[in-house]
Every structure is written in structure tokens, then in C-alpha cells.
Amino acid sequence: MTGASRISVVIPAKDEADNLAVLIPEILTALAGRDHEVVVVDDGSSDRTGAMLAGMRAEGKPVRHIRHESPCGQSAAVRSGMLAASGDIVATIDGDGQNDPAYIPALVDALEAAGPGVALAAGQRLGRTDGFWKKYASRFANWLRGAILQDGTRDSGCGLKAVRREVFLLLPYFDSWHRFLPALVIREGYKVVHVDVVDRHRRFGKSNYGIFDRGLRGVLDLFGVWWLRKRRRKVPVVSEITSTAPKAENVNV
């Protein structure tokens, strides 16, 4: 087994049974030889996602099925998966199959090699396969976010990331939280490393998480994260003192 950490791969997905049927075996192949699990967060799907995942578990595959009773959105799905994960490192990947799981080992390796001062390895997409409007909106959003937050990340919306779970537990939660992970990790006093990745075309279906429904909210979230970072004036260095005071010596006078 290579790598010292247990890896949990979290997949937020809504009605992505056909894509998951291809994506999950790819993830298991990419992580062969490593201690790992796949956590699918079924965000209120109405397709055959449940039956497909039950079949994989019956075959002995290390796949878990976390289900939202009704759709709660991608941010909530990522958070549910992070909380349920048992790994030291949690990798995230979109459920539509556009993220290539072959890059997960590179993200995990980059995070482990960087040492404990680095808490996040963020994928940065090259050669985007999205449509014109989605690419334009994403490019503008990333430019605006970078200009305001100064987080050194050109593509915060890439679904491929690897984060130390212990640091994730420190982060504040809000809808669209997952799009600001670099800035939130930096707020806690940690650093971020980046790995270039290449997107793929979606095989089946259409996106369930759109772009225009998060435009105004995204701007509000951006200034909210800016405010959070400004309010964290100093990150304390915490240690526990376990030594005891020396005993006084008896002195005869």
C-alpha cells in the first residue's frame, strides 16, 4: 500500500446514476493499493442511484451511500460527505464525470508531500469543456474572487480537491462554501497547493447545479468570505503544557 493516509473520496450527486456507474470504478482503479473509501452523497435523487450503489456494495466494493431525503444543493452534499468520511484526507470530485479521477492520487500526493502546514490541494482546470456561458461566468467569478480574496487560486470552482479532514472541521459552513475552500483554509493559517487537471465531457444527462441561480448569491458570499477573513486577525499557535513544576527541596537551617 502506497501513501500513509486513509483517503475518502466524496461525490456529491443528484440523478447521476449513469455517470456514477462509470465514475466509481474509475476511482477504485485510480486508488488501487491505497487505503480508501468512496462516499456518494445522493442529494435527493429520483433515478436508480440507490439501486446502483446497493449493487456495488453487494459486490464488496468500498462504497458508501449517504442520502439527503430531499435535494439540498451541492454545498450541503459536499459537507455531508465530509462529515461522514472516515479518511484522514478527503478528496472531492463532481458526480457528473467531467472531473477525471486519475488526478486524485496526484492531489493526495501533493498534499502529503507539502507537510502539515498545507491543508488543501486544489485542482486547476485546463482546457475547460463547458459551454461558452458557463466558461465565461466561471472565468469572471474566479477573477473577481481572486481580486478580492487574494487566495492565489485561479479556479476555485474545480470539483477536484483534497483536504485534511481535521482542518475541514474548523471551517465555517454556508451555501456555496465549497467554492471558497482555498480562502477559508488560508483563514485558518494553512497554505494551499495547486495541481493542474484536465476536464472531460459529460457522458450522460445535464447539469443539476446551474450557474445563473448562484450569480447574486455568489457575490454576497464573496464579500461574506472577505469579511470572515478580515475578522480573523491572528491565528493562535496552540500547545498544551504537560510538564509539572519542580518540587521544592527541603533545606535544613
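Relevant structure appears above.
Residues numbered from 1 in each chain as written. Predicted model: local features only at pLDDT ≥ 70, side-chain atom pairs only at ≥ 80, totals over all residues. Heavy atoms only, no water.

Draft legend 1. Spatial organisation of the packing of aromatic side chains. A complete count under the given rule lists three aromatic pairs for this structure. When the centroid spacing of 5.7 Å and the interplanar angle of 70° are considered together, the rings of Phe168 and Trp177 count as edge-to-face. Assigned by exposure class, Phe168 and Trp177 land together as buried. Aromatic pair Tyr173 and Trp177: ring centres 6.1 Å apart, planes at 55°, arrangement tilted. Relative accessible area serves as the criterion here: at 33%, Tyr173 is assigned to the partly exposed category. In this structure Trp177 comes out as buried when scored by relative accessible area, which is 1%. Chaining the aromatic ring pairs together yields one cluster made of Phe168, Tyr173 and Trp177. (Phe/Tyr/Trp six-rings, centres within 6.5 Å; stacked < 30°, edge-to-face > 60°. Buried < 20%, exposed > 50% of the residue type's maximum accessible area, 1.4 Å probe, protein only.)

Draft legend 2. Structural detail: the sheet that holds strand β1 (residues 7-13). The strand order across the open sheet built from seven strands is β3-β2-β1-β4-β6-β5-β7, with neighbouring strands paired in mixed fashion. Every interior strand has two partners, whereas the edge strands, β3 (63-68) and β7 (191-198), have only one. This sheet shows a mean twist of 20° between the axes of neighbouring strands, independent of strand direction. Here helix α4 (residues 104-114) sits on the sheet and contacts β1, β4 (89-92), β5 (118-126), β6 (161-164) and β7; the angle it forms with β5, its principal contact strand, is near 145°. (Pairing = 2+ DSSP bridges. Helix = DSSP H or I, 4+ residues; strand = E, 2+ residues; numbered from the N terminus. Axes fitted to C-alpha atoms, helices over the stretch in contact; angles between N-to-C directions. Contact = heavy atoms within 4.5 Å.)

Draft legend 3. Just unusual backbone geometry, in detail. Even without a glycine there, the phi angle at Asp15 is positive, about 55°. Note on placement: Asp15 falls in the loop between β1 and α1 (17-30). Given a relative accessible area of 25%, Asp15 falls into the partly exposed group.

Draft legend 4. Representation of the side chain of Arg164. Topologically, Arg164 is positioned in strand β6. For the buried Arg164, which has no salt bridge, the nearest side chain bearing the opposite charge is Glu166, at an N-O separation of 5.9 Å. Side-chain polar atoms of Arg164 contact the backbone oxygen of Leu111, separated by 2.9 Å. Excluding anything up to four places from it in sequence, Arg164 contacts Asp88, Leu111, Glu112, Gly115, Pro116, Val118 and Ala119. (Lys, Arg positive; Asp, Glu negative; His and termini not counted. Salt bridge = Lys/Arg side-chain N within 4 Å of Asp/Glu carboxyl O. Polar contact = N/O pair within 3.5 Å; in protein donor to acceptor, adjacent residues only side chain to side chain.)

Draft legend 5. Fine view of the pattern of salt bridges. A full pass over the atoms with the stated rule returns 16 salt bridges. Where Glu26 meets Arg203, a salt bridge forms, and the shortest distance between an N and an O atom there is 3.4 Å. Taken as a pair, Glu26 in helix α1 and Arg203 in the loop between β7 and α8 (215-231) lie far apart in primary sequence, 177 residues in all. Given a relative accessible area of 41%, Arg203 falls into the partly exposed group. Residue Arg34 pairs with Asp109 through a salt bridge whose shortest N-O separation is 3.0 Å. Of the two residues, Arg34 sits in the loop between α1 and β2 (36-43) while Asp109 sits in helix α4, which places them 75 residues apart along the sequence. One salt-bridge network, in which partners are shared between bridges, spans Arg6, Asp35, Glu37 and Arg64.

Geometric values such as these leave the question of function open.
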